[in-house]
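# Reading the structure
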Amino acid sequence: MRNKADLIIYLAIAFGGAWLAAIPLWNQGLQSAPLPLSLAALQVAPTLGVLAVWLVTALHRAPAARQWARLTGLTFGDSPRRTIRYVAATWAGIPVLIAAVIAVSALLGVFPTDLAGLSGYRQAFPQGTHATAAIGTLTGIVVTTLFSSVTAFGEEWGWRGFLLPRLLSLGYGGAILASGLIWGLWHAPLTLLGWNYPGLGPWAVLPFTAFCTVVGAVLGWLRLRTGSVWPAVIGHGVLNAAVPTMYLVVSAAGRLPDPLLGGVFGAVGLLAFGVLGLALARVRPAVH
């Protein structure tokens, strides 16, 4: 670890900001009106942590802004063209992985689907057709990802841009594991309320922390492979955009996937992202 004081400042701001942002949700619940604003404020907290570290270190070491941007992954790395290729591959690849997870979950009987009748989709859009569902899915993956990536940046600049490289003294595997666990526990203000796992209550902390760890292995590999945070930002953004969009289109009305087994956040999704993270590290090791 390069500087323990930097890490303490960053984690204090990131975790403290997350809990402050979630106060309205603890008072009114996850289904309350403050949810979008609280989520946006929560996602900004890691970026505020990075900025706080930069301001503090500037008082002592005065790092150049350009150097700070490079160290925290704000540039496109040593090979911008390669980074752009990874951005494109991530943008296209994660929705394919999500579709595979849903398909396997449906075959295992832990994700009720209705592609023929589109009952879940038509519950939200009564006049919907297979054509409008396809257009909506494409829009969600292409356009909504751009908006989702704005808030995803608030997290990724902190977790993958700043934190992950500073944990590399633990080795690649140790840094990926530690950063993923920290990222998962940072979500506790939401997961203690049952976020993404209806009916599970505070126990949602455990599976979601595992989910963050395996997804963090993929996003972390992208960051270290390219020297840039932008592929991870797009990966996070398309994940946030594609999951609800694809769930809406394929789901059966009134029926949810098994929260611990089916879908992206269940065991099938954890296995898929875990295998991908291991494969990436073995087939094409990160170089940064």
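Presented here is an overview of the structure given in this document. (Residues numbered from 1 in each chain as written. Predicted model: local features only at pLDDT ≥ 70, side-chain atom pairs only at ≥ 80, totals over all residues. Heavy atoms only, no water.)

## Some thoughts on the overall build of the protein chain
Just so we agree on the cut-off: Strands here mean DSSP runs of E at least two residues long; helices mean DSSP runs of H or I at least four residues long; both are numbered from the N terminus. Radius of gyration: C-alpha atoms only; globule rule: 2.2 Å multiplied by the number of residues to the exponent 0.38.
A tally of regular secondary structure across the protein chain gives 12 helices and zero strands. For the protein chain, the N- to C-terminal ordering of α and β elements is α-α-α-α-α-α-α-α-α-α-α-α. A globule of 288 residues ought to have a C-alpha radius of gyration of about 19 Å, and the protein chain, at 19 Å, matches this closely. Taken over the C-alpha atoms alone, the protein chain extends approximately 65 × 45 × 30 Å along its principal axes.

## Digging into empty space enclosed by the protein
In plain terms, the rule: Any residue with an atom within 4 Å of a point lines the site, the site being either a cavity, points on a 1 Å grid over the protein atoms alone where a 1.4 Å probe fits but cannot get out, or a pocket, an open set with protein on both sides within 12 Å along at least 5 of 7 lines. Grid points are joined across faces, edges and corners, and a volume is the space filled by probe spheres set on the points. Only Asp, Glu, Lys and Arg are considered charged in this grouping, and only Ala, Val, Leu, Ile, Met, Phe, Trp, Tyr, Cys and Pro are considered nonpolar; every other residue, Gly among them, is considered polar.
Summed over all chains, the structure comprises one cavity of 30 Å³ or more. Approximately 30 Å³ is the volume attributed to the largest cavity. In the lining of the largest cavity, the residues fall into six nonpolar, two polar and no charged.

## Considerations on the nonpolar core
Stated formally: Residues enter a nonpolar core if they are buried and are Ala, Val, Leu, Ile, Met, Phe, Trp, Tyr or Cys, with the set joined through side-chain atoms within 4.5 Å. Remark: exposure states derive from per-residue accessible area (1.4 Å probe, protein chains only) relative to the maximum for the residue type, with buried under 20%, exposed over 50%, and partly exposed in between. The contact rule is simple, with two residues in contact once any of their heavy atoms fall within 4.5 Å.
Counting residues in each nonpolar core, the largest one holds 65 residues, and the members touching the most others are Ile 98, Phe 211, Leu 239 and Val 264. Elements with a contribution of two residues or more to this core: helix H1 (4-21), helix H3 (35-60), helix H5 (80-107), helix H7 (130-166), helix H8 (172-186), helix H10 (205-226), helix H11 (230-250) and helix H12 (267-283). The greatest single-element share of this core, amounting to 11 residues, is contributed by H10. Ignoring any residue separated from it by four or fewer positions in sequence, one finds Phe 211 in contact with Tyr 197, Leu 239, Val 264, Phe 265 and Leu 270.

## Some points on the layout of surface pockets
There is about 1200 Å³ of room inside the largest pocket. Taken together, 43 residues form the lining of the largest pocket, with Trp 195, Asn 196, Val 243, Pro 244 and Phe 265 sitting closest to its centre. Of all the elements in the fold, those that place two or more residues in the lining of the largest pocket are H3, H7, H10 and H11. For the lining of the largest pocket, the element with the most residues is H11, which contributes seven residues. Among the residues forming the lining of the largest pocket, the class breakdown is 25 nonpolar, 15 polar and three charged.

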